[in-house]
Amino acid sequence: MAMISRFVFALLAALTIAVLAPPQPAAAAFPCPQGPGPGEVQVGVSGGSHGVAAVPMCESTGGGDSGNASPDYYYIYGAIAWHPDVGDVWMVGNYDAPYAAEREAMAACDRAMGGGCTSIGEWQNSSMAILRDRNGMLWNAWAGNGGADRKRILAECSAQQHVPCEVLATFSSSKRRHEPNLAATRKLYAVGAWVEGTEGFDSRLYIASGQRDRAAAERLALDACTRATRQRCEILALVGNGFIQTYRLGADDQSATVETSAKRAAQAARMNCKKRKQPCALQRVYDSRTHGEFVHDFMAPASK
């Protein structure tokens, strides 16, 4: 049997999203890392909550003497809370004192979801970007300091998949409120499992989709695979509010990829085929929002 080339995509652990605390830019990136200097005025800070030291954010006044610039500045705080089963965030902002925005964002999220929410913390006088990876999981990246942090984290997210991660939204700390439309953004999961290794591999992918609970979808897919094959099985594909695209590379190799839309899933499969220098035959695509259990046979003749 020809060697089966399969890529088991890394799953984010323990029902969490890849939660990245808002990173602190290097002090050298600011014109006045130790406070306003000649020709500068402080306009805000980055950090300063949860025990992290505040870093001044300063702008040039165009003059050479800071004494000629107004020393007045004010902080506008924003905060975001999120839940692993929702593809959007609760954002609260436009507060002139710390901690209140974070408390309100967490309370709004917990009220809607009955608990299980986490906070990315607060930020001030700047914006926060929310990114989405191919599994439907969310990342955050501070959009201040010229967007350097946003670019870095977007690159880190995109490096783990064939199609770049998406920027869902960017929230200014001055925005008052944003809440998800749960009817549209509450996740339905799809999971695909197949035989681990080549021994006993049956060229099939066992899929459970339309599941509100990620762990339940994983269990259903793994159990279906184990019952059918009597072999040890592993998860190949996981997505919340997205699609599993099955495909073949060349005559014998089989694979599947996930993405947040059918179009992106097909694009990711084709990019992998191109990278492997193999002809690509796209097969059935499975929507995570469709409830059911399916068995996909990679070697079945193509339907006409």
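Counting from 1, residues in each chain are numbered in the order their sequence is written. This being a predicted model, a pLDDT of at least 70 is required before a residue's local features are given, and a value of 80 or more before pairs of side-chain atoms are given or counted; all residues contribute to the totals for chains, interfaces and linings. Side-chain measures here rest on the full set of heavy atoms in the structure, leaving out hydrogens and waters.

*Asks:* How should I be thinking about the pairing of strand β3 (residues 77-82) in this particular structure?
*Replies:* Across a regular strand the side chains alternate sides, sitting on one face of the sheet and then on the other. Most of β3 sits inside the fold, with six of its six residues counted as buried. Judged by which residues are buried, β3 turns out to be covered on both faces: Y77, A79 and A81 on one side and G78, I80 and W82 on the other are all buried. Note: β3 against strand β4 (residues 89-95), five bridges, orientation antiparallel. When the bridges of β4 are listed, A81 appears paired with W90. DSSP-based pairing: two strands are paired if at least 2 bridges between them are found. Labels follow the DSSP assignment, with helices taken as runs of H or I lasting at least four residues and strands as runs of E lasting at least two, numbered in each case from the N terminus. Counting the residues that bridge the hairpin from β3 to β4 gives six residues. For every residue, the accessible area (1.4 Å probe, protein chains only) is compared with the maximum for its type, and the residue is labelled buried under 20%, exposed over 50%, or partly exposed between those bounds.

*Asks:* Before we go on, may I ask you to explain the sheet that holds strand β16 (residues 292-297) in this structure?
*Replies:* Across a sheet, strands are paired by hydrogen bonds formed along the backbone, either parallel or antiparallel in direction. Spatially, four strands are ordered β12-β10-β11-β16 in an open sheet, and the strand pairing comes out antiparallel. Two strands close off the open sheet at either side, each with one partner strand: β12 (233-240) and β16. The sheet shows a mean angle of 20° between the axes of neighbouring strands, direction not considered. Fitting a line to C-alpha atoms yields each axis, with helices limited to the stretch in contact; the angle taken between N-to-C directions then spans 0 to 180 degrees.

*Asks:* I keep staring at the sheet that holds strand β14 (residues 253-259) and nothing clicks. Help me out?
*Replies:* Read across the open sheet, the three strands follow the order β14-β13-β15; overall the sheet is antiparallel. Strands with a single pairing partner mark the edges of an open sheet, and in this sheet they are β14 and β15 (280-287). Direction aside, neighbouring strands of the sheet carry axes that sit 20° apart on average. Summarising the sheet, strand β13 (residues 243-249) and β14 pair through seven bridges and their orientation is antiparallel. Counterpart to R248 in the pairing with β14 is Q254. Note on contacts: a residue pair qualifies if any of its non-hydrogen atoms lie within 4.5 Å across the two residues. Sheet contacts for helix α5 (residues 262-276): β13, β14 and β15; angle to β13, the most-contacted strand, approximately 25°.

*Asks:* Help me out: how do you make sense of the nonpolar core in this one?
*Replies:* Nonpolar side chains in soluble globular proteins tend to end up buried together. Only buried residues count toward a nonpolar core. Its members are Ala, Val, Leu, Ile, Met, Phe, Trp, Tyr and Cys residues joined through side-chain atoms within 4.5 Å. Residues V191, W194, L205, C225, L236 and I244 are the most contacted members of the largest nonpolar core, which totals 27 residues. When contributions to this core are tallied by element, the ones reaching two or more residues are β10 (189-195), β11 (204-211), α4 (214-229), β12 and β14. With 14 residues, the next largest nonpolar core counts Y77, A79, A101 and A105 among its residues.

*Asks:* Explanation requested: the packing of aromatic side chains in the structure shown.
*Replies:* Aromatic ring pairs: the centre-centre distance and the angle between the two ring planes describe each pair. Stacked, edge-to-face and tilted are the three classes for Phe, Tyr and Trp ring pairs, Trp counted by its six-membered ring, which pair at centre distances within 6.5 Å; planes under 30 degrees apart are stacked, over 60 edge-to-face, the rest tilted. For the structure shown, the criterion picks out four aromatic pairs. Between W194 and F298 the ring centres are 5.8 Å apart and the planes differ by 55°, which places this aromatic pair in the tilted class. Here F298 lies in the segment after β16 and W194 lies in strand β10, a separation of 104 residues in the sequence. Here Y286 and F294 contribute two aromatic rings whose centre-to-centre distance is 5.7 Å and whose plane-to-plane angle is 45°, an arrangement assigned as tilted. Given the relative accessible area of 22%, F294 is considered partly exposed. Members of the aromatic cluster, each reached through a chain of ring pairs, are W194, F201 and F298. The criterion for a charge sitting over a ring is simple: Lys NZ or Arg CZ within 6 Å of the ring centre, and within 35 degrees of the ring normal. Across from the ring centre of F294, 5.1 Å away, lies the NZ or CZ of R284, which sits over that ring.

*Asks:* Is there a simple way to explain helix α1 (residues 100-113) in this structure?
*Replies:* Residues separated by three or four positions in an α-helix point in the same direction, a consequence of the helix having 3.6 residues per turn. Under the convention used throughout, the expected extent of a helix is 1.5 Å for every residue step, that is, one less than its residue count. Here α1 spans 20 Å end to end across 14 residues, near enough to the 20 Å set by a 1.5 Å rise per residue. Regarding α1, the residues found buried are A100, A101, E102, E104, A105, A108, C109 and M113. Considering only its buried residues, α1 is in contact with β3, β4, β5 (118-124), β9 (177-178) and α3 (182-185). Remark: G114 follows α1 within two positions and exhibits a positive phi of approximately 75°.

*Asks:* Which parts of the structure should I look at to understand helix α2 (residues 148-158)?
*Replies:* Listing the buried residues of α2 in full gives D149, I153, L154, C157 and S158. For α2, the arc enclosing every buried residue in end-on projection is 160°, short of the 170-degree limit, so these residues lie on one face. Buried residues along α2 sit in contact with β6 (127-132), β7 (138-142) and β8 (166-172). Think of the arc as the fan of directions from the helix axis to the C-beta atoms.

*Asks:* Would you mind showing me how to read the environment of K263 here?
*Replies:* Tracing the backbone through its elements, the reader meets K263 in helix α5. Between the alpha carbons of K263 and Q245 there is a distance of 9.6 Å; along the sequence they are 18 residues apart.

Keep in mind these numbers describe shape, not what the thing actually does.
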